[in-house]
Amino acid sequence: MTSSTDRGVSSDHILGFARSLLSHRVAKGRHHPHEVFQTSTLISLIEGLYDGNVAYRTVMGHGDFGVGTFNALDGEMVALDGSFFHLRSDGSVTPVAGDELTPFAAVTWFRPNIDHAEPATLSREECEQVVHGLASDNLFYALRIDGHFPSMRTRTVSKQSKPYPRLVDASASQTTTTLTDTTGTIVGFHTPDYAQGIGVAGYHLHFLSADHGTGGHVFDFTVDAPRIRIDSEAELHLSLQATHEFLSTSFAGDVSAEITKSEGGPGITAG
Ligand SMILES: [Zn+2]
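## A closer look at the overall build of the protein chain
1) Next: The helix and strand tally for the protein chain stands at 7 helices and 15 strands.
2) Next: When the 271 residues of the protein chain are sorted by exposure, 41% land in the buried category.
3) Next: For the protein chain, long-range pairs separated by at least 24 residues make up 78% of all intrachain contacts whose partners lie at least 6 apart in sequence.

## Looking at helix α4 (residues 124-134)
1) Next: What α4 keeps buried is the set Arg124, Cys127 and Val131. In an axial view of α4, the angular spread of the buried residues amounts to 65°, which keeps them on one side of the axis. Exposed and oriented more than 90 degrees from the buried face of α4 are Glu125, Gln129, His132 and Gly133.

## Observations regarding the environment of Leu240
1) Next: Locating Leu240 in the fold gives a position in the loop between β15 (235-239) and α6 (244-248).
2) Next: Non-local contacts of Leu240, meaning those with residues more than four positions away in its chain, are made with Ser40 and Phe246.

## Considerations on the sheet that holds strand β4 (residues 76-80)
1) Next: Overall, mixed pairing links the 7 strands, which are arranged β6-β5-β4-β3-β8-β1-β15 in an open sheet. Strands at the two margins of the open sheet, each flanked by one partner only, are β6 (93-95) and β15. Each strand of the sheet is rotated relative to its neighbour by a mean of 20°, with strand direction disregarded.
2) Next: Bridging between strand β1 (residues 35-39) and strand β8 (residues 105-108) involves 3 bridges; their strand directions are antiparallel. When the sheet's bridge partners are listed, Gln38 is paired in β8 with Ala106.

## Examining the pairing of strand β3 (residues 65-69)
1) Next: Buried residues dominate β3, accounting for 5 of its 5 residues.
2) Next: Of the two faces of β3, the one holding Phe65, Val67 and Thr69 and the one holding Gly66 and Gly68 are both buried throughout.
3) Next: Relative to β8, β3 is paired through 4 bridges, and the arrangement is antiparallel. When the sheet's bridge partners are listed, Gly68 is paired in β8 with Ala105.
4) Next: Inspection of the sheet shows β3 paired to β4 by 4 bridges, in the antiparallel sense. Across the sheet, Gly66 pairs through a bridge with Ala79, a residue of β4.
5) Next: Linking β3 back to β4 in an antiparallel pair, the connection comprises 6 residues, with Ala72 at a positive phi of about 65°.

## Here we look at the environment of Thr180
1) Next: Tracing the sequence through the fold places Thr180 in strand β12 (residues 176-191).
2) Next: Given 9 C-beta atoms within a 10 Å radius, Thr180 is considered exposed.
3) Next: Taking the C-alpha atoms as reference points, Thr180 and Ser151, separated by 29 residues in sequence, lie 4.5 Å from one another.
4) Next: With residues up to four places along the chain from it excluded, the contact list for Thr180 reads Pro150 and Ser151.

## Some words on the confidence of the model for the protein chain
1) Next: In this model, the protein chain carries a mean pLDDT of 87, and residues with pLDDT of at least 70 account for 86%.
2) Next: Under a pLDDT of 50 for its full length, residues 1-9 has, in the predicted model, 1 contact with residues more than four places off or in other chains.
3) Next: Counted against residues more than four places away or in other chains, residues 265-270, with its pLDDT under 50, gives 25 contacts.

The rules behind these values
- Residues numbered from 1 in each chain as written.
- Predicted model: local features only at pLDDT ≥ 70, side-chain atom pairs only at ≥ 80, totals over all residues.
- Helix = DSSP H or I, 4+ residues; strand = E, 2+ residues; numbered from the N terminus.
- Buried ≥ 20, exposed ≤ 12 C-beta atoms within 10 Å, placed from the backbone.
- Contact = placed C-beta atoms within 7 Å.
- Arc of directions from axis to C-beta.
- Pairing = 2+ DSSP bridges.
- Axes fitted to C-alpha atoms, helices over the stretch in contact; angles between N-to-C directions.
- pLDDT = per-residue confidence, 0-100.

Below, the structure is given as structure tokens:
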């Protein structure tokens, strides 16, 4: 049974719903907090797909914090506090230009819901154990570690030429750099075990020194009294590449051994 009053209430409801939907969409368009936006998959890099068709200006629209690489595997990307840095194998660090392309990047609007100060000096393994205790292994989450690092071992991938080698071969010849007594920030993500192939199960961490002068993909470190921040309320937005190579490559083979070999250490992925 319908009366004019009922219709009035119901249009108000519809209007209110439409308004809240609209404002929700606008809010999402600007910032979608706690969303991990990732373009492409780790398994694409494993297969040697190093050319993406996603520009960094698109990635920058999805976060202010993250990690990634560049077309032809030309270095490492670190995004921190809204600034995007391009770290190359020659040691140079430059701002990322919006038109630079990426085959793999992950970013988020970093809004930590966990903020933990650890008084001790920790190895990477000990630091990971602390992090394990702070957030569930079953979540994708963003992780930031600030501190003084007595040692920090990183690598920066070097630009590859076509035909591209598989990642396991491209990373076999990489050189690593060990920094001592450096201050800076680790930026990274945790990927759950069940998402092997989308990322590597475990942590993917990049380092940026406090002066923004150096950094790279993290292999190993020790850290004094780190401040550990985690944005653990994450949803995953996986954006796949629409390149011919991605669409026509078979990902059916078992590449677990190659993923492990390319990782560079337990829980740490290449790229
Ligand atoms: Zn990396």
